[in-house]
Amino acid sequence: MPHDAPLTEVPAHLRTAVDAAKQKVADLHAELPRWELVVWTAGNVSERVRNPEGPDLLVIKPSGVSYDDITPEAMVVCDLEGNLVEGDRSPSSDTAAHAYVYAHLPEVGGVVHTHSTYATAWAARGEEIPCVLTMMADEFGGPIPVGPFAIIGDDSIGRGIVETLRGSRSKAVLMANHGPFTIGGDAKAAVKAAVLCEEVARAVHVSRQLGEPETIAQEHVDALYARYQNVYGQR
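Residues numbered from 1 in each chain as written. Predicted model: local features only at pLDDT ≥ 70, side-chain atom pairs only at ≥ 80, totals over all residues. Heavy atoms only, no water.

Right, let's get into the nonpolar core. One finds Leu 32, Val 45 and Leu 57 to be the most contacted residues of the largest nonpolar core, which totals 28 residues. At the level of secondary structure, the elements contributing two or more residues to this core comprise α1 (15-29), β1 (44-49), β2 (57-60) and α7 (187-210). The residues touching Val 45, leaving out its near neighbours within four places in the chain, are Val 25, Leu 28, His 29, Leu 32, Val 59, Ile 60, Lys 61, Val 111, Val 112, Ala 187 and Val 191. By size, the runner-up hydrophobic cluster in this structure holds 22 residues, among which are Leu 58, Tyr 102, Val 111 and Ile 161. (Core = buried A, V, L, I, M, F, W, Y, C linked by side-chain atoms within 4.5 Å. Buried < 20%, exposed > 50% of the residue type's maximum accessible area, 1.4 Å probe, protein only. Helix = DSSP H or I, 4+ residues; strand = E, 2+ residues; numbered from the N terminus. Contact = heavy atoms within 4.5 Å.)

In structure tokens:
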């Protein structure tokens, strides 16, 4: 098969990896309401399935499905142009954005979108979240930037995400008048970034009610980021 040939079904050699991704993505969707990052059917988690013999795939939830009804079997599989490869439901309306990110940022293995309250409030103002907390320096390596306004439905949002995050240490972007998107090496890392994005958005908002928060000097941001990414936790 040519490397760039479109897939019309999941190749046999990817069956185990796709099924594992379906289970993982279904489980991780439960984390979004748990951390109060979504309401109703909004928001989504996806994970890339790497294909050493051809084009990669992604697993994502169907459009408009209740979180109570999310199961591994309900997940859909798409190619990196957003075309349905496996599943009997329409993919999430954000699939084109996720697919564009995977197609243009090969290091990304997971993407999450939420409408979490505080991060979305910053997005509504079109204002980046300044790096005033060590947690921000640890996880995001600096401020959380704002991406351009874009309409849902095609890859415009994905283009804005890539333009904003390419070359950035941030794992989160606040798409203007829309909400946060986060990325990671896999879907779990992207969910973690979404949880922390909302936490720092809330904390910095509260801080600003008391006065102007102090930004952290760049040299300290760099040191904190290096430590957290390379030393923190179990290795």
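What follows deals with the environment of Asn 44. Its location among the elements puts Asn 44 in strand β1. As for Asn 44 and Ile 216, which are separated by 172 residues in sequence, their C-alpha atoms are 32 Å apart. The residues touching Asn 44, leaving out its near neighbours within four places in the chain, are His 29, Leu 32, Ile 60, Lys 61, Tyr 67, Ser 92, Asp 94, His 98, Val 111, Val 112 and His 113. Side-chain polar atoms of Asn 44 contact the side chain of Ser 92, separated by 3.1 Å. Among the polar contacts listed, one links the side chain of Asn 44 to the side chain of Asp 94, at a separation of 2.9 Å. (Polar contact = N/O pair within 3.5 Å; in protein donor to acceptor, adjacent residues only side chain to side chain.)

With that settled, the discussion passes to the sheet that holds strand β7 (residues 172-175). One key point about sheets: their strands pair by backbone hydrogen bonds, in either a parallel or an antiparallel sense. Here eight strands make up an open sheet; going across it, the order is β4-β3-β2-β1-β5-β8-β7-β6 and the pairing mixed. The open sheet terminates on both sides in strands that have one partner only, identified here as β4 (84-86) and β6 (146-147). The sheet contact formed by β1 and β2 spans four bridges and is antiparallel. Across the sheet, residue Arg 48 finds its bridge partner in β2, namely Leu 58. Taken strand by strand, α7 contacts β1, β5 (110-113), β7 and β8 (179-184), and its axis lies near 140° from that of β8. (Pairing = 2+ DSSP bridges. Axes fitted to C-alpha atoms, helices over the stretch in contact; angles between N-to-C directions.)

Attention now moves to the side chain of Glu 47. In this structure, Glu 47 sits in strand β1. Polar side-chain contacts of Glu 47 include one of 3.0 Å to the side chain of Lys 24. Polar side-chain contacts of Glu 47 include one of 2.8 Å to the backbone nitrogen of Ala 187. Setting aside chain neighbours within four positions, we find Glu 47 in contact with Ala 21, Lys 24, Val 25, Leu 57, Leu 58, Val 59, Tyr 102, Gly 109, Gly 110, Asp 186 and Ala 187.

Note that His 113 resides in strand β5. Not counting residues up to four positions away in its chain, the partners in contact with His 113 are Gly 43, Asn 44, Asp 94, His 98, His 178, Gly 179, Pro 180 and Phe 181. Side chain to side chain, His 113 and His 115 meet in a polar contact 3.2 Å long.

Using the criterion set out here, one finds 13 salt bridges in the structure. With a closest N to O distance of 2.9 Å, Arg 15 and Asp 19 form a salt bridge. Here Arg 15 and its partner Asp 19 are both found in helix α1, four residues apart, which amounts to about one turn of the helix. By relative accessible area, which is 36% here, Asp 19 ends up partly exposed. One salt bridge connects Arg 34 with Glu 31, and the closest N-O pair in it is separated by 2.8 Å. Taken together, the residues Arg 34 and Glu 31, both in helix α2 (residues 31-34) and three residues apart, mark about one turn of the helix. Three or more residues are tied together by salt bridges with common partners; here these are Arg 15, Asp 19, Lys 22 and Glu 86. (Salt bridge = Lys/Arg side-chain N within 4 Å of Asp/Glu carboxyl O.)

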